[in-house]
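# Examination of the molecular architecture
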Amino acid sequence: MIDIVKYYKSLATSRNGEKMQFREKVMARCHMTYPLFMNRIQRNNWTFLEREAIEEIIRNEMEAKDGTQVHDE
């Protein structure tokens, strides 16, 4: 299982940075608003389907950066 909060906190925060791009991908994929996303990050209380979608986004991003596949533990 990927630690979503830890991954999010590790992203760059510069203007138009990684955090914003990741947040926008998640909000679009999970049909959620910014306040709901931030609430989920603060409380780390994702639904099963949200977690599944977000982990896929993270895997895809990590594969794009490294050129390697990421497997769940």
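Heads up: the structure comes first, above all this text.
Since the structure is predicted, the reported quantities are computational estimates derived from the model, not experimental observations.

### Considering the packing of helix α2 (residues 18-30) against helix α3 (residues 34-43)
At their nearest, the axes of α2 and α3 sit 10 Å apart, and the two run at 110 degrees to each other. It follows from the interaxial angle that α2 and α3 lie roughly perpendicular. Listed contacts from α3 to F22, R23, V26 and M27 of α2 are Y34, F37 and M38. Taken together, the residues of the contact of α2 with α3 break down into 6 nonpolar, no polar and 1 charged.

### A few points about the nonpolar core
Counting 17 residues, the largest nonpolar core has F22, V26, M32, F37, W46, I54 and I58 as the members making the most contacts within it. Put simply, the parts of the chain that give this core at least two residues each are α1 (4-10), α2, α3 and α4 (48-66). If near-sequence neighbours (up to four positions away) are discounted, I58 is found in contact with I2, I4, Y7 and F22.

### A look at the pattern of salt bridges
Within the structure shown, the criterion is met by 5 salt bridges. Close ionic contact of R40 with E50 constitutes a salt bridge, the shortest N to O distance being 2.8 Å. You can see R40 sitting in helix α3 and its partner E50 sitting in helix α4, a full 10 residues away along the chain. Residues R40 and E50 agree in their burial class; the two are buried.

What counts, and where the lines are drawn
- Residues numbered from 1 in each chain as written.
- Predicted model: local features only at pLDDT ≥ 70, side-chain atom pairs only at ≥ 80, totals over all residues.
- Heavy atoms only, no water.
- Axes fitted to C-alpha atoms, helices over the stretch in contact; angles between N-to-C directions.
- Helix = DSSP H or I, 4+ residues; strand = E, 2+ residues; numbered from the N terminus.
- Parallel < 35°, antiparallel > 145°, perpendicular 65-115°, else oblique.
- Contact = heavy atoms within 4.5 Å.
- Nonpolar A, V, L, I, M, F, W, Y, C, P; charged D, E, K, R; others polar.
- Core = buried A, V, L, I, M, F, W, Y, C linked by side-chain atoms within 4.5 Å.
- Buried < 20%, exposed > 50% of the residue type's maximum accessible area, 1.4 Å probe, protein only.
- Salt bridge = Lys/Arg side-chain N within 4 Å of Asp/Glu carboxyl O.

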